[in-house]
Amino acid sequence: MDFYTDKKFIFMVALFILAAAGLVFFPRLAGLILIGSLIIFGAFALSWKEPHIKLSGMALLVLLALLNIYVNGIKFGIDFSGGTRIPVILDKAVDDATMADLVKTIKTRASVLGLTEVKVQAIGNTEINVEIPSSDEATISLIETTLSHQGVYQGIVDGKLAVSGDRIFSSSIKPLDSAELTQQGADWGVAFAVDQAGAEQFAEAAKGKADYPIYMYLDRPHDVAIFYERVQFRKDMMADAGEKESLKALNDALKFEGDSIPIYIVEDMDANFSAPNNHTKAIVSVNMSKAAKDSIVAKGFILEEINASMVTPTYSRTRSGVLMLDKLEISGLLTAPILSGGITNGIPNYNYVVTGSVQATNPADKAKEAQNRVKEIESILKGGSLPVQISLGSRTSLPASLGAESLRLSVIAIVLSLLTIAILIGLRYRDIAATLPIVLISLAEFIILVSILGSFTIDLAAMAGILAAIGVGVDAQIVITDELLKKDEEHKTSEKIDLAFGIIKTNAIVAIFSMVPLLFSGLVEVIGFAISTILGALLGYLLTRPAYAALVEKVLDAEKKGIIGGSEGSEKSPGIGF
Amino acid sequence: MELPNIYKGNYKLLMIPPIIMILISLYFIPQIKMGVDFQGGTLITLALKEPISADTLSSELKSEGLDAKVQVYKTTVGDKAEIEVPQSQDLVKAEYLRNNFTALLPTVSDLEVRAYRDPNYTAQFNEENQKLNAIADQMFLLAKLDRSKMNITGSNDLEKYFSSAYSTVYKNYELSVSVPIDKYVKYDSISVQTVSPVLSSHFIGQAVNVVLFCAFLSVVLVFLFFRDIVPSIAVLTGSIADITIAMGGMGIFGIPFTLQSFAALLMLIGFSLDTDILLTTRLLKRRGNPRDNAYDAMKTGVTMSIMALVSFMALFVLAMLTHIDTYYEISAVALAGLVGDIVATWGINAVVVLNHKESMGDK
């Protein structure tokens, strides 16, 4: 039977092509795709007895691994690639969910700067490591300022400051519970309290302003103006609103004593209009036409091009039908709830609630939307999206040349250890037919491991794990070889392999379980080591050992029969069972 | 390479070498140094621009009030210096104060708001507020900040000043380390690893959890595979002996206890089980003369250990050349443990299981 016409084999090739396509088109998932393929091909190798399935399972996986290295490359930690590590120290210990939030937020903050290669990792529950693949001083300090930046919250009513973040008791910012929500008749709500000065400030600013929106800003920029082209501006308006009405809504929201953010339509700038001073920034969408940009620069503004979504205003109408601005990200305006009558009488008040309703109707979506709104308001009031105060520790910089040297030496060490093992195995068995497969399989194992780990990050610990896996990886092959070479007339070859596999299975399971606790301990310094050890054991049990057994058995059988070299895959060995 | 079968004759004598090794190890285990991960403190690694002497630097740093341990290494990637600064007492205290402050703050803010509206709460607020201020004053003292220069009207302002005072304490500690180093050392790269008291106690807690969980899992697994209490105990004894010898090696050769060496110790548990299971399977699940089976198992097992020794030796040589701590700690622990494993498995486990098998055969 020709193995390439075998349905099982064709099925595996189909899966291989699928996985290969996945590697090329979804590079982010490369590591997971490889681990998935390892498990699937491994399951085939365990359940289908044909030697050629076992061998081709491994061969296909090696091909996938090589393809992944070729297409997606190998990612190295800063120990090998050079770069900078900045530890972020949290104000207090946080739980896992908060930590996950923090890591995500810091990633977003960093990626806003266009630094996609930033790696953010939690260390324990009080520290986060940020790694960037650059030692450039300007980039590092940019990251440092972005990270350590604590936002400033301002609540503005009719152009006057009503609440500022530093008057809010940060520990008082809490979501309302369901009883309070029912009482307020709202879908979501956040309560907060202010101190004496804050209460007086609010009372004064909000006096007589019932049904006015309170514009909630986070990091409102100074000395800027926002420009739109007429066509774009009209496109973003509400369907039932006019241009004048919309402009008024914008100007109402953005006015603030002495520091209003003016809005201009480029086509309406008249001849003697010019920038108020030589450092006023003009904020425009990246999509603005070149002619319009040039005309703004000609007026003496410093042009700043921003992502289109950040300069797109979101409007709504109040109950009385007045058009108002809800959100304009670039100005720092994130939301604008309406003041209820009870707190606009001019009497100082210490406790406040921000409430609202949600659009969704189905209960699950409703709860989710409400929760998102609560989170959003909480983070605005707290002056940014970080739920705890952070400080930055001393950074570590590693020049790329030093990293490259470590990498070069590590590769030499790996090659040397492979060579030494090959020589020792050769000496032990004095049989090229038994030695060559061990060396080849170790090499295959090494390629697969590097490819999988390289899709995540190879750091020092992972590299040490790879080296360890090479040494431990040959162990099971030694068990099989010893078993097969034993002068034992009682057992057939297949029974000997069964015996060897009993031992190997136990070993693999124990090795995996002894490292699993480390994997979930959150000790990131050594997780790379744990992962490579576990993957090494898994790979060995599922694929390389069965493949090795199939290979060596065939070779040894061929030797016994006096056929040199054996004929691969063309004859079926007598029922090997695992 | 045919060696005589060591299990012929009075094999119980084989237990002597491992027992001697364990006793020596027990003596040296208390001398294991704790690394910064578990002890807290700061470890600064420098790639030097020009060679310096460790002693000179150490006394120079001392003259700046920095009591640090300095080591200088020549490596193939240039000269390296390691400076270890012990945990700062100020930092420990600052962290303690911060925890107390954060715990008390919500109560005080809440009372402050209540007291604005209802004078009945004033007394209670004053009492708690005093406690909070007392904590803050200690922090300001640590940070050498002058409270009279602060404009504090309520707990809200206090929180802000407290937070910045904590950052000041932290920054001061870092400056006390980095300023003298910058003054005396010219370097290409610097790595500063500061492990705070909270983080180090977190690491210790996690490490203990991992070890307990791991030990429990292995015993359960081994029992499930063999359904026999004696091999389970033998396997556990073997692992413990192995870890003990590895830790003795850490004490003798000055390998610090860090997260890396800890991971290596865990890997040794797995590895020690490998050879133990090989031995137990060959002895209990196979016909023929148990002593021959034990000897056969040993041949296979020792080959396995030698292969692992070879690859860790490569890592070890690499560590010697580059002085990369991660490599050094993992490889040195693994080497000590693998040697220990050979002795313990074939000296203790084999004897226990062989004895068990032979006494079963007698019945």
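Counting of residues starts from 1 at the beginning of each chain's written sequence and follows it residue by residue. Ligands are numbered from 1 and chains lettered from A, in the order in which they are written. Since the coordinates come from a predicted model, pLDDT governs what is reported: local features require at least 70, and pairs of side-chain atoms require 80 or more to be given and counted, while whole-chain, interface and lining totals use all residues.

Focus: the overall build of chain B
Piece 1. Here a strand is any run of E in DSSP of at least two residues, a helix any run of H or I of at least four, and the numbering for each starts at the N terminus. Within chain B one finds eleven helices and four strands.
Piece 2. The globule rule puts the C-alpha radius of gyration for 363 residues at 21 Å, and the 29 Å found for chain B is more than 25% above it.
Piece 3. Dimensions along the principal axes, computed over C-alpha positions, put chain B at roughly 90 × 60 × 25 Å.
Piece 4. Burial is judged by counting the other C-beta atoms within 10 Å of a residue's own C-beta: 20 or more makes it buried, 12 or fewer makes it exposed, and any count in between marks it as partly exposed, with every C-beta position built from the backbone. Evaluated residue by residue, chain B yields a buried proportion of 48% over its 363 residues.
Piece 5. Residue pairs qualify as contacts under a 7 Å threshold applied to their C-beta atoms, which are placed from the backbone. Across chain B, every contact between residues at least 6 apart in sequence was considered, and the portion connecting residues at least 24 apart equals 77%. Radius of gyration means the value over C-alpha atoms here, while the globule rule gives 2.2 Å times the residue count to the 0.38 power.

A closer look at the domain arrangement of chain B
All names here are of chain B.
Piece 1. Each domain span listed reflects an automatic or database assignment of domains. The assigned domain composition of chain B is domain 1 (11–37 + 196–362) and domain 2 (41–194).
Piece 2. Look at where the C-alpha atoms of domain 1 and domain 2 centre, and you get two points 41 Å apart.
Piece 3. Every contact between the two is made by seven residues of domain 1 and, on the other side, 14 residues of domain 2.
Piece 4. The set of elements that each furnish at least two residues to the side of domain 1 that touches domain 2 consists of helix 7 (197–226) and helix 10 (290–322).
Piece 5. Among the residues making up the side of domain 1 that touches domain 2, the classes are represented as four nonpolar, three polar and no charged. Any residue that is not Ala, Val, Leu, Ile, Met, Phe, Trp, Tyr, Cys, Pro, Asp, Glu, Lys or Arg is counted as polar, Gly included; the first ten are nonpolar and the last four charged.

A word on the domain arrangement of chain A
All names here are of chain A.
Piece 1. For chain A, the assigned domains are domain 1 (3–77 + 399–560), domain 2 (83–149 + 392–396) and domain 3 (153–391).
Piece 2. With centres defined by C-alpha atoms, the gap from domain 2 to domain 3 works out at 28 Å.
Piece 3. At four residues, helix 5 (residues 96–112) tops the list of elements feeding residues into the side of domain 2 that touches domain 3.

With respect to unusual backbone geometry
One can expect most non-glycine residues to show negative phi and most peptide bonds to be in trans.
Residue and element names in this part refer to chain A.
Piece 1. One non-glycine residue, Asp158, adopts positive backbone phi at about 50°.
Piece 2. Although it is not a glycine, Asp219 adopts a positive phi angle of roughly 55°.
Piece 3. Within the secondary structure layout, Asp219 lies in the loop between strand 8 (214–218) and strand 9 (224–228).

A word on the pairing of strand 9 of chain A
Residues and elements named next belong to chain A.
Piece 1. The element strand 9 is largely enclosed, with a buried count of four among its five residues.
Piece 2. Here the rule is simple: two strands pair whenever DSSP picks up at least two bridges between them. Bridging between strand 9 and strand 11 (residues 281–285) involves three bridges; their strand directions are parallel. Its bridge partner lying in strand 11, Ile226 is registered against Ile283.
Piece 3. Examined bridge by bridge, strand 9 and strand 10 (residues 263–265) share three bridges and lie parallel to one another. If you follow Tyr228 over to strand 10, its bridge partner there is Ile265.

Focus: the confidence of the model for chain A
Low pLDDT marks regions whose predicted coordinates should not be analysed in detail.
Piece 1. Within a predicted model, pLDDT stands for the predictor's per-residue confidence, ranging from 0 to 100. Of the residues in chain A, 93% reach a pLDDT of 70 or more, and the chain-wide mean stands at 82.
Piece 2. Low pLDDT, under 50, characterises residues 562–578 of chain A; the stretch is placed with 23 contacts to residues that sit more than four places away or in other chains.

Observations concerning the sheet that holds strand 4 (residues 153–157) of chain A
Residues and elements named next belong to chain A.
Piece 1. With respect to topology, four strands assemble into an open sheet ordered 5-4-8-15, the strand pairing being antiparallel. Since the sheet does not close on itself, it has two edges, and those belong to strand 5 (160–164) and strand 15 (333–335), each with one partner. Taken pair by pair, the neighbouring strands of this sheet meet at an average axis angle of 40°, ignoring direction.
Piece 2. One ladder, built from five bridges, connects strand 4 with strand 8; its direction is antiparallel. If you follow Gln154 over to strand 8, its bridge partner there is Tyr217.
Piece 3. Sitting on the sheet, helix 8 (residues 196–206) is in contact with strand 4 and strand 5, with an inclination near 150° to strand 5. Lines fitted to C-alpha atoms define the axes, with helix axes restricted to the stretch in contact, and inter-axis angles between N-to-C directions lie between 0 and 180 degrees.

Some details on the interface of chain A and chain B
Piece 1. Opposite the 73 residues of chain A that make contact, chain B presents 74 residues.
Piece 2. At the level of secondary structure, the elements contributing two or more residues to the side of chain A that touches chain B comprise helix 8, strand 18 (396–398), helix 14 (400–429), helix 16 (460–485), helix 17 (493–519) and helix 18 (524–560) of chain A.
Piece 3. Tallied by class, the residues present in the side of chain A that touches chain B amount to 36 nonpolar, 26 polar and eleven charged.

Examining the confidence of the model for chain B
Residues and elements named next belong to chain B.
Piece 1. Of the residues in chain B, 98% reach a pLDDT of 70 or more, and the chain-wide mean stands at 85.
Piece 2. The least confident element of chain B, judged by mean pLDDT, is strand 4 (residues 187–195) at 79; the most confident is helix 5 (residues 122–142) at 91.
Piece 3. Reported for the predicted complex are a pTM of 0.72 and an ipTM of 0.76.

Here's the deal with helix 1 (residues 7–25) of chain A
Residues that lie three or four places apart on an α-helix share one face, since the helix turns once every 3.6 residues.
Residue and element names in this part refer to chain A.
Piece 1. The span one expects for a helix is its residue count, reduced by one, times 1.5 Å. Here helix 1 is 19 residues long and its end C-alpha atoms lie 27 Å apart, about the 27 Å a rise of 1.5 Å per residue gives.
Piece 2. The set of residues buried in helix 1 consists of Phe9, Met12, Phe16, Ala19 and Leu23. An end-on view of helix 1 places all buried positions within 80° of arc, on one side of the element. Facing away from the buried side of helix 1 by over 90 degrees, the exposed positions are Lys7, Ile10, Phe11, Ala14, Ile17, Leu18, Ala21 and Phe25.
Piece 3. For helix 1, the elements touching its buried residues are helix 2 (30–47) and helix 3 (51–72). Working definition: the arc comes from the directions between the helix axis and the C-beta atoms, pointing outward to the latter.

Focus: the packing of helix 17 of chain A against helix 9 (residues 259–284) of chain B
Piece 1. Put simply, helix 17 of chain A and helix 9 of chain B touch, their axes get as near as 9 Å, and they point 160° apart. Overall, the two elements helix 17 of chain A and helix 9 of chain B adopt an arrangement that is roughly antiparallel. Crossing hand, helix 17 of chain A versus helix 9 of chain B: right-handed. Between helix 17 of chain A and helix 9 of chain B, the residues in contact are Gly502(A), Ile503(A), Thr506(A), Asn507(A), Val510(A), Ala511(A), Ser514(A), Met515(A) and Leu518(A) and Ala263(B), Leu266(B), Ile269(B), Gly270(B), Leu273(B), Asp274(B), Ile277(B), Leu278(B) and Thr281(B), respectively.
Piece 2. Taken together, the residues that form the contact of helix 17 of chain A with helix 9 of chain B break down as eleven nonpolar, six polar and one charged. For classification, angles of less than 35 degrees are called roughly parallel, those exceeding 145 degrees roughly antiparallel, those between 65 and 115 degrees roughly perpendicular, and all remaining angles oblique. Here a crossing is taken to be left-handed if its near helix is turned anticlockwise relative to the far helix by less than a right angle, and right-handed if that turn runs clockwise.

Let's talk about the sheet that holds strand 7 (residues 188–193) of chain A
Backbone-to-backbone hydrogen bonds pair the strands of a sheet. The strands run either parallel or antiparallel.
All names here are of chain A.
Piece 1. In spatial order, the strands read 6-7-16; together these three strands make up an open sheet with antiparallel pairing. Across the chains shown, the open sheet's two edge strands, defined by having one partner strand only, are strand 6 (174–175) and strand 16 (351–356).
Piece 2. Across two bridges, the pairing between strand 6 and strand 7 is antiparallel. Paired with Lys174 across the two strands is Ala191, which belongs to strand 7.

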